[in-house]
Amino acid sequence: AAAKKEKTAAATAAAAAAVVPEERAQVLLERVVTIYAQAFAETNVGRDYLAARGLADLGLLTRQRAGFADGRLAKLLPTTGNVRAELRALGVLLDGDGERFAGCVVFPVCDDAGRIVTLYGRSTATAAGAEGKRHVYLPDRPKTLWNASVLKSSPHVVAVESVLDALSVETAGVGNVVALQGTNGLSETDLATLRAQGAQRVTLFLDGDAAGRAGTERLKEKLHGENIAVDAVALPEGEDPNSFLVKHGAAALAALLAPRATPSASPSPASSSAAPAPGTAAPAPGGLALTFGLRRYDVRGLEKTARTLKATVRVERAGKLHVDTLDLYSARARRQLALDLVRILEEAADTIDADLIKLLTACETHADRAADGSAPDAGTVAVALTEADRRDGETFGRDPKLIDAILADYALLGLVGERANSLLGYLTMTSRKLPRPIAVLNLASSGAGKTTQQDTTLRLCPSEDLIKLTSLSGKALFYKERSSLKNKVLALEEGDGVQDAMYALRNLISAGELITESTIKDPASGKLVTMTNKVEGPTAVFLTTTNPEIDPETKSRFFVTSVDESRAQTQAILASQRHRQTLAGLTAEAATVALVKKHHAFQRLLRPLRVVNNYADQLSYGDDRLPGRRDQPKYLRLIEAIAFLRQLQKPQKTLSTGQPYVEVDRDDIRLANDLANELLGHSLDELSRPGFELLQLLDKMRAEWVKTVATKPKQAHALEDFSFSRRQVREFAGWAHARVYRYLRELVELEYVVLEGGRHGVLHRYALAWDGAGRDGKKFLLGLKSPDDLRSAS
């Protein structure tokens, strides 16, 4: 009787659970997803499987709530109550408490409001045969769009067949992606979601097989019927996005999608009829629209003067909206806008700060180009060259006197003198396409012309490869888009505006990338998740400053150069300024448009190939000073950049990996030696004027000491025996203590003076390490080997 009663109770519970109310289903599915996510974090099977598929970004997988069914679900469920029966009714459990998703990595599939519609499982078994065993869903529940919440923030999406394909696209840096759940996906419910969220464009990125091609044509027809713009990206035969990622890498996958799916700012003149760029909103006529993650910024009524940058900014995220009119040049106005957005959008303060830096930069660029009538920023899109431009660029690049031609063009652009600095600037700009670009720090007095010198070089850089900023907050670079700095020139004016970002700059130059992790609230689940943001280099960096006390860690990563501040150079600059006002000067200035266009064409023709230096083992570098350890790599990069610049004059060869390369020749080394001795050679120019005066006084003090001891019998008078204290310097020079302390420290840091000893309670003693070299104004040479002494490269 008891057994019969128990059986009846179980049947009653099962019947009650046969139709689980949706509210209850949400609670149960949320618990299942949480348990699976815990198993994914604590075991290796699911992570190893996805890593083998090229999906190793744990930040991304955590954000998408990846899980793994390892059998623990049934063990954790209560033995009493209706929970097991309810999960059987939902299809999570099978008869006998087996799990439908056993051995699968599992992802929740949510609607645009964040409610779990179904679960998707991908079997980790390598021998899984039938399609049904590889792809597992809950029975009797719809297969809706995966990652549908992205529709709230992006009017353009990339559509792929499966969840793993969508994760592959996200790994390549494209976040505005949805999975259709097969070529027969995109149901009426999905179309209604697209309509409700205002989708404007869909890029179909289906498998490269017959089913994928047929699905593409079928879906195009469906989407056209909804008045949604649609295009398609074809994959190689037999490939899908995930297999392409595994074989070719994230960069190749991103390149395949570009420019259709790379988020970027999209300035849009009123006359433009082009569809909005992927990752951006469709801006109002004359306006600007940008999308960063799930945040969409619409800028209208943009007005720029020398002191103001006024605009109305409309910000939207997941249905939350804020509109403000402000002056973007006002730090107080930006700070108040940031506080409002942090509160309203529930985003991290660092995220919003980074957004506003990018917004300010985009608005400046858009306003400047609107003012001079130039073309919109091309972003990462390759610029097509006309046949005439290509011919001009190739002719210029093949000129045997290319270096002389570059210097002549600098003169035509109005830059007087500065041969070494001009060539270094051009090589730095060109090196953006190398794995290890050059970085330049121009340290000079205010008004000396360092900004003019930098801007002349930047004028010759194609606009799509240039990022020019006047200020930079501490973490702004860490939150830029993944490929926004890759093979770009990052130009910063005035070091005072980027002091907080020096750490990021140093790491970008040294490591070629920036990686940060932050905690954000997932818009679908409301849970806090860890997001990893990676910003890829390499990046060529330009920086100007008037601060001579910039920290050594930063200086060591740059070629530190300066501006000729001599009276003769001033006279030449003043004469050039007057000449530009004459008829001949105005005529020459008008001709610079074609000159700049020629350089842009040449730069766009340069291929990102490698450089092989077969002479490297024979080269030498001055080893008498410790800084040689950090300066020789700069010298080698200089040689590499020169050879790369001259690639159109060299035969191109191929490495065993199939990668093209060119070889360094003696002419490359000869020019690099000239520049290195000029730029890396040491002279008294690196001293401040008071520092130079103190060095002269110390030299005079040493000379008098030698005369004194030479008159005494049995007294050594070798120069290296001379040492002194700060007190002796004060008495000899008549300087105040603070002045002696400051400029003696400068001489120590620059290694003209050596601190011999001293500690608390013991007198500090110094020795003069300067032997008078450079007193005539010439550089200390670096001991470089002449290219004429090099054996033929093997």
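Residues numbered from 1 in each chain as written. Predicted model: local features only at pLDDT ≥ 70, side-chain atom pairs only at ≥ 80, totals over all residues. Heavy atoms only, no water.

Let us now look at the overall build of the protein. Looking only at helices and strands, one finds 28 helices and 25 strands in the protein. Within the protein, counting contacts between residues at least 6 apart in sequence, those at least 24 apart form 67% of the total. When the accessible surface of the protein is totalled, it reaches about 37700 Å², and 51% of it is carbon and sulfur. (Helix = DSSP H or I, 4+ residues; strand = E, 2+ residues; numbered from the N terminus. Contact = heavy atoms within 4.5 Å. Areas by Shrake-Rupley, 256 points an atom, 1.4 Å probe, with all protein chains shown as cover.)

Counted by the stated rule, this structure contains seven aromatic pairs. With a centroid separation of 5.6 Å and an interplanar angle of 50°, the aromatic rings of Trp705 and Phe722 are classed as tilted. With a gap of 17 residues between them, Trp705 in helix H26 (residues 689–710) and Phe722 in the loop between H26 and strand S23 (723–724) connect regions that are remote in the sequence. The class of Trp705 is partly exposed, set by a relative accessible area of 24%. Ring centres 5.5 Å apart and planes at 35° place the aromatic pair Phe722 and Phe724 in the tilted group. Exposure class is identical for Phe722 and Phe724. Each is buried. Taken together, the ring pairs connect Trp705, Phe722, Phe724 and Tyr766 into an aromatic cluster. (Phe/Tyr/Trp six-rings, centres within 6.5 Å; stacked < 30°, edge-to-face > 60°. Buried < 20%, exposed > 50% of the residue type's maximum accessible area, 1.4 Å probe, protein only.)

Here we take up the pairing of strand S8 (residues 229–232). Bridge count between strand S7 (residues 201–204) and S8: four bridges; the pairing is parallel. From the neighbouring strand, Thr203 faces S8, where its bridge partner is Asp231. With respect to chirality, the unit in which S7 leads through helix H10 (residues 210–225) into the neighbouring parallel S8 is right-handed. (Pairing = 2+ DSSP bridges. Right-handed = clockwise from strand over helix to strand, strands pointing away.)

Attention now goes to helix H19 (residues 502–511). Along H19, the positions that sit buried rather than exposed are Met502, Ala504, Leu505, Arg506, Leu508 and Ile509. Once H19 ends, the next one or two residues include Gly512, with phi positive near 75°.

Looking now at the confidence of the model for the protein. Summing up the model confidence of the protein, the mean pLDDT is 80 and the portion of residues at 70 or higher is 82%. Here residues 127–131 is modelled with pLDDT under 50, and outside its nearest four sequence neighbours on either side it reaches three contacts, counting other chains as well. (pLDDT = per-residue confidence, 0-100.)

As a further point, take the pairing of strand S14 (residues 466–469). Only one face of S14 is covered, namely the one carrying Ile467 and Leu469; the face carrying Leu466 and Lys468 has none of its residues buried. Here S14 pairs with strand S15 (residues 488–492) via four bridges, running parallel. The partner of Ile467 across the bridge, within S15, is Leu490.

Two strands in a sheet stick together by hydrogen bonds in their backbones, pointing the same way (parallel) or opposite ways (antiparallel). Sheet architecture is open: four strands sit in the order S6-S5-S7-S8, paired in parallel fashion. One side of each edge strand has no neighbouring strand; the edge strands of this open sheet are strand S6 (177–179) and S8. Averaged over all adjacent pairs, the angle separating strand axes in this sheet is 25°, with direction ignored. Seen against the sheet, helix H8 (residues 163–171) touches strand S5 (156–160) and S6 and runs at an angle of roughly 170° to S6. (Axes fitted to C-alpha atoms, helices over the stretch in contact; angles between N-to-C directions.)

What follows concerns the pattern of salt bridges. Should their charged atoms come close, side chains of opposite charge can pair. A full pass over the atoms with the stated rule returns 32 salt bridges. Two residues, Glu464 and Arg604, come together in a salt bridge whose shortest N-O distance is 2.8 Å. Within this pair, whereas Glu464 is found in the loop between helix H18 (450–459) and S14, its partner Arg604 is found in helix H23 (residues 592–605), the two being separated by 140 residues in sequence. For Arg604, a relative accessible area of 27% translates into the label partly exposed. For the salt bridge of Lys486 with Glu536, the shortest nitrogen-to-oxygen distance reads 3.7 Å. (Salt bridge = Lys/Arg side-chain N within 4 Å of Asp/Glu carboxyl O.)

Counting 55 residues, the largest nonpolar core has Tyr426, Tyr635 and Leu675 as the members making the most contacts within it. One finds Ala166, Ala172, Val177 and Ala250 within the second-largest nonpolar core, a separate group that totals 33 residues. (Core = buried A, V, L, I, M, F, W, Y, C linked by side-chain atoms within 4.5 Å.)

So, on to the environment of Glu589. By the secondary structure assignment, Glu589 is in helix H22 (residues 583–590). Each C-alpha atom of the pair Glu589 and Leu412 lies 7.5 Å from the other, and the pair is 177 residues apart in sequence.

Spatially, the five strands line up as an open sheet ordered S14-S15-S18-S13-S19, and their pairing is parallel. In this open sheet, the two strands that pair with only one neighbour each are S14 and strand S19 (559–561). Each strand of the sheet is rotated relative to its neighbour by a mean of 15°, with strand direction disregarded. Relative to strand S18 (residues 539–545), S15 runs parallel, the two sharing five bridges. Bridging from a neighbouring strand, Val489 pairs with Ala540 of S18. Taken strand by strand, helix H17 (residues 419–430) contacts strand S13 (439–443), S15, S18 and S19, and its axis lies near 140° from that of S18.

Here H23 spans 20 Å end to end across 14 residues, near enough to the 20 Å set by a 1.5 Å rise per residue. Considered for burial, the residues of H23 that qualify are Thr592, Leu595, Val596, His599, His600, Ala601, Phe602, Gln603 and Leu605. (Expected span 1.5 Å × (residues − 1).)

Our focus in this paragraph is unusual backbone geometry. Leaving glycine out, the prevailing phi sign among residues is negative, and the prevailing peptide bond configuration is trans. The residue after Gly537, namely Pro538, is reached through a cis peptide bond having omega 0°. If you trace the backbone, Pro538 turns up in the loop between strand S17 (528–536) and S18. For Asn147, which is not glycine, the phi dihedral falls at a positive 75°. For Asn147, the location among the structural elements is in the loop between strand S4 (135–137) and S5.

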